[in-house]
Amino acid sequence: MEALTDIGVVAGSIEKTKLCVALFIASESTFFGYLILAYVYFHGFISSGPTAANSLHPASTGVYTAFLMASSGTVWLAGRSLRKQNRRGFLVWLCITIAMGLVFLYGETREYLHLLDQQVTISRNLFGTTYFGLTGMHGIHVIIGLTLLSIILGIDLTKDRGPRYQVAVESVSMYWHFVDCVWIAVFSVVYLWSTR
Amino acid sequence: MSDIPIPADSLPVAAEIEAENKRSLLSWVASVDHKQIAVMYLLTSLFFFGLGGIEALLMRLQLAWPGMAILSPDGYNQIFTMHGTTMIFLVVVPSLLGLATYLTPLMIGANEMAFPRLNAFSYWLVLFGGLLLYFSFFGGAAPNAGWFSYAPLSEKPYSFQAGLDYWAVSLLAIGVGTVATGLNLIVTIITLRAPGLSLKRVGLFVWMVLVNSFLIILALPALNASLLMLLVDRQLSTHFFTQQGGGSPLLWQHYFWSFGHPEVYIMVLPGFGIISETIPVFSRQPIFGYGFVAASTVAIGLLSLGVWAHHMFAVGMGHRWDMTFGAASMLIAIPTGVKIFNWTATMYGGAIRFTTSMWFAIAFLITFTMGGLSGVMFAAVPIDWQTTDTYFVVAHMHYVLFGGTLFSVFSGLYYWFPKMSGKILSEKLGRWHFWLTFIGFNMTFLIQHVLGLAGMPRRIFTYPALPGWGIMNLISTIGAFVLGISVVVFLWNLYVSFQRGELAGDNPWNAWTLEWATSSPPPLQNFKAVPPVRSRRPLWDLAHPEDPDWKR
Ligand code: HEM
Ligand SMILES: [Cu+2]
């Protein structure tokens, strides 16, 4: 009989949390796929009442979109600073990221208020249903992302970083990139394609 | 390399408690040990199996003879909806996930799942989702639009009581929990395997769980998205699936089935995995064509994402789509058939030990093949038009899900119960359980093929006294009660054997995979060390140093 070998982990090179987030993103992508598909599918059916073309504001929303896009860059810079042990840089970029996310939410709220002013609600017609359904679901994901970023920030401010802080930051930032990518798809479909 | 893959950040909360061997209620509620959570999954699915079984018996009583009045028409609708939803989401899936969470870490030589807390979270979501579903009985009325809740029947104007809201919310909870388990299992299998245990060497059960988990994370979001849309339709008067507002009931069907068909494979792949473990061990031969079994599973997984509309032939999608989906569905029969040959060939020439576990595996081969054959029949569009929404479909789904999946789960439970409890399930009671199940099952469902071909629709609370219908339904009902008795025998077996069964020892079946290399039941930390893995059968190599697999 041979001696028992000690037990260890084979695929040590794959970081499990990041792998999990990547898979989660794949799963969430299919989820958004169905919502976007519903928007596209119903777009052709809307004949009367409010539509994307007569109710939305692509220009101003475009500006807020730019903020969200830029926040993908800043969260990457934050991660780079962290890897370089540059704590101040990390803090600054992280705060800027959160601020830009908030600006985006502010923009989305303004757009919502505009629409509600004109009695465009989620139950008004198919446009309302699919528009609020899709952007609302994305908005919830932005809020989740901001919550995660704030937790990251809070941990750093309370100087409570554990050994896996770096991994946590990288995972959250993957998720944040994903939230941005979804918005690119949503913006292209809702604001660029369907307002024509 | 030293011991430990218990990740440092995930030390079981209940570890200390259990170490002192206090099996208090708290030690269960607070547990993040994959074995304890798995046992809770299994007990939960057993509990709901009882409820779903009682619902089935109520339906069969109502249908035993034309014109019975045990259930009201609406009561009948509620009961069949609850039966289907329960059996699929609270019995079949949790029992498979339970086995997967118990065995995956053990079979890959790991001490825990990749994310123990997430694991606990998933379980509690499933349990509370289930309880919420049943709370609907007290919250007004149970859901009544069938397990696939076709719109517009499921919409407010047609179903204004709260039942469908409970249905949607509870399935959302279960859906989210299930996705989390899928993620957890994939990461566990990819990152926590013992040294030497490449993906070409892991047990086939692990392979099936891996493919299954990918199906879960890619297909369940379709359900979650549809449920959300249905819920806002009902709560906020949106128009996704209602015609009045211009929405499309047809879209619900597409969305639901693009989840629903992968779901039927989610419900059977781990079953394939189970019998790919039990048949070789009880035939004393390694699996025939390991690579084919694994590869055909991948093929099934991919194909199953693209055939959903075969549930919708009656909708009128047009000839071209019908043909496309019909042909794609028939393709699935090929990788499935490959597997049947592999299992049969594994038994061929083997020294078969006819244990209860093996009997269930053999029965699986027979009944699942029959269910597969009726499936291929439906894939021919005209046959589907003739048989859709009849008892023929009911017969098909029960041959694949009961005669398939549940038989495999029984095979797995008789096989692994000794590992989980340290006691062997009584073979004598097991034989009673098996034969009662096998006879009761075929008595209930074989005749439903005939009823379906004779035109008896499904989901009706009663039927006219056409020639032969009464007696055929009566036979089916008697069969259902035989099944009921078989379940009682099984429960009794679990109880008696757990109390005073024969002690199992580490490896009662002389099996070859890593879960048998630790004690029964395994300690909180599964392994201090694992045997060297140089082949697919590490324990065979250990016991036969003169003839190890890796030298063949
Ligand atoms: C060769 C493989 C299979 C084919 C071609 C096939 C085909 C079909 C088709 C066309 C239907 C729709 C019948 C109708 O409503 O008109 C159906 C129903 C169903 N199948 Fe299969 N099937 C196969 C295997 C399976 C397996 C392996 C399972 C589960 C383990 C399964 C579970 C079901 C269920 C639950 C339904 C009923 C759904 C409902 O209407 O409630 N099938 N099958
Ligand atoms: Cu199907």
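Residues numbered from 1 in each chain as written. Chains lettered and ligands numbered in written order. Predicted model: local features only at pLDDT ≥ 70, side-chain atom pairs only at ≥ 80, totals over all residues. Heavy atoms only, no water.

The next thing to look at is the confidence of the model for chain A. Across chain A, the average pLDDT comes to 92, with 94% of residues at 70 or higher. Low pLDDT, under 50, characterises residues 1–11 of chain A; the stretch is placed with 45 contacts to residues that sit more than four places away or in other chains. (pLDDT = per-residue confidence, 0-100. Contact = heavy atoms within 4.5 Å.)

The next subject is the coordination of the iron atom of ligand 1. The textbook angles at a metal center are 109.5 degrees for a tetrahedron of four donors and 90 or 180 degrees for an octahedron of six. All names here are of chain B. Of all protein atoms, just one serves as a donor to the iron atom of ligand 1, and that atom is His396 (NE2), at 2.1 Å. The metal-metal distance between the iron atom of ligand 1 and the copper ion (ligand 2) is 4.5 Å. Among the structural elements, His396 can be located in helix H14 (residues 391–421). (Donors = N, O, S within 2.8 Å, 3.2 Å for Na, K, Ca; no water. Helix = DSSP H or I, 4+ residues; strand = E, 2+ residues; numbered from the N terminus.)

All right, on to the site of ligand 1 then. All names here are of chain B. Neighbouring ligand 1 are 22 residues, the closest being Trp147, Asp384, Thr388, His396 and Arg458. Residue Asp384 places a side-chain N or O atom 2.5 Å away from an oxygen atom belonging to ligand 1. Within the side chain of Thr388, an N or O atom sits 2.6 Å from an oxygen atom of ligand 1. Counting residues per element, the ones that place at least two in the shell around ligand 1 are helix H8 (249–266), helix H12 (356–379) and H14. For the shell around ligand 1, the residue count by class is 13 nonpolar, seven polar and two charged. (Near = heavy atom within 4 Å. Polar contact = N/O pair within 3.5 Å; in protein donor to acceptor, adjacent residues only side chain to side chain. Nonpolar A, V, L, I, M, F, W, Y, C, P; charged D, E, K, R; others polar.)

With the rule as written, the count across this model stands at ten salt bridges over all chains. Two residues, B:Asp165 and B:Lys156, come together in a salt bridge whose shortest N-O distance is 4.0 Å. Here B:Asp549 and B:Arg537 are joined by a salt bridge, their closest N and O atoms 2.7 Å apart. A residue pair is termed long-range when its members are at least 10 positions apart, and B:Asp549 in the segment after helix H17 (538–543) and B:Arg537 in the loop between strand S1 (529–530) and H17 qualify at twelve residues. You can call B:Arg537 buried: its relative accessible area is 6%. Overlapping salt bridges bring together A:Lys18, A:Arg83 and A:Glu170 as one network. (Salt bridge = Lys/Arg side-chain N within 4 Å of Asp/Glu carboxyl O. Buried < 20%, exposed > 50% of the residue type's maximum accessible area, 1.4 Å probe, protein only.)

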